[in-house]
Amino acid sequence: FRGYVPNQDDNIRRDVMQTMRNFFYLDFHEIEKKYNIDFKKYFKKEIDDMKEFINDGILEPSETEIKITEIGKLFADQVCKIFDIYIR
């Protein structure tokens, strides 16, 4: 048999990217409960990498969530690439 078996990190990142692409919104608590992680610690680098998107008005972060703005919806794929470790 051939293929790839995703690990826990792959599953977490897939869930984050799918949620943001589909709903343009991500609640940190949902991911934390589902995967038993501290979102801000787990994704510290990714959160730091979002600053350019925040400055450009593509993302609206808060302490507990990230929202993609109306204009940012056009750039949702680029935002999600922040979480994709295979693209870096």
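Here is what the cut-offs are and how they apply
- Residues numbered from 1 in each chain as written.
- Predicted model: local features only at pLDDT ≥ 70, side-chain atom pairs only at ≥ 80, totals over all residues.
- Heavy atoms only, no water.
- Helix = DSSP H or I, 4+ residues; strand = E, 2+ residues; numbered from the N terminus.
- Rg over C-alpha atoms; globule rule 2.2 N^0.38 Å.
- Buried < 20%, exposed > 50% of the residue type's maximum accessible area, 1.4 Å probe, protein only.
- Contact = heavy atoms within 4.5 Å.
- Areas by Shrake-Rupley, 256 points an atom, 1.4 Å probe, with all protein chains shown as cover.
- Lys, Arg positive; Asp, Glu negative; His and termini not counted.
- Charge placed at Lys NZ, Arg CZ, Asp CG, Glu CD.
- Polar contact = N/O pair within 3.5 Å; in protein donor to acceptor, adjacent residues only side chain to side chain.
- Core = buried A, V, L, I, M, F, W, Y, C linked by side-chain atoms within 4.5 Å.

Novice: Lay out the overall build of the chain with the relevant residues and their values.
Specialist: For the chain, the count of helices and strands is six helices and three strands. Each helix (α) and strand (β) of the chain, taken in turn from the N terminus, gives the series α-β-α-α-α-α-β-β-α. For the chain, whose C-alpha radius of gyration is 13 Å, the value lies close to the compact-globule estimate of 12 Å for 88 residues. Considering only C-alpha atoms, the chain reaches an extent of 45 × 25 × 20 Å along its principal axes. The buried share of the chain, taken over its 88 residues, is 40%. Relative to all contacts within the chain whose residues are 6 or more apart in sequence, the contacts with residues 24 or more apart total 55%. Within the structure as shown, the chain displays about 6100 Å² of accessible surface, and the carbon and sulfur contribution to it stands at 53%. Of the side-chain charges in the chain, 15 are positive and 18 negative, and the distance between the mean point of each set is 4 Å.

Novice: So what's going on with the environment of E70? Which residues, and what values?
Specialist: Mapped onto the secondary structure, E70 falls in the loop between β3 (65–68) and α6 (76–81). A relative accessible area of 62% places E70 in the exposed class. Residues E70 and F24, 46 residues apart in the sequence, show an inter-C-alpha distance of 8.9 Å. Of the polar contacts made by the side chain of E70, one reaches the side chain of K73; its length is 3.3 Å.

Novice: Residues and numbers for the nonpolar core, please.
Specialist: V16, M20, I31, F39, L59 and F83 are the most contacted members of the largest nonpolar core, which totals 22 residues. Elements supplying a minimum of two residues to this core: α1 (8–23), α2 (28–35), β3 and α6. The greatest single-element share of this core, amounting to four residues, is contributed by α1. Look past the residues within four positions of V16 in its chain and what remains in contact with it is L26, I31, F39, F43 and F83.

Novice: So, the environment of I31: which residues are in play, and what are the values?
Specialist: Position of I31 among the secondary structure elements: in helix α2. Classification of I31 as buried rests on a relative accessible area of 4%. C-alpha separation for the pair I31 and D15, spaced 16 residues apart in sequence, amounts to 8.1 Å.

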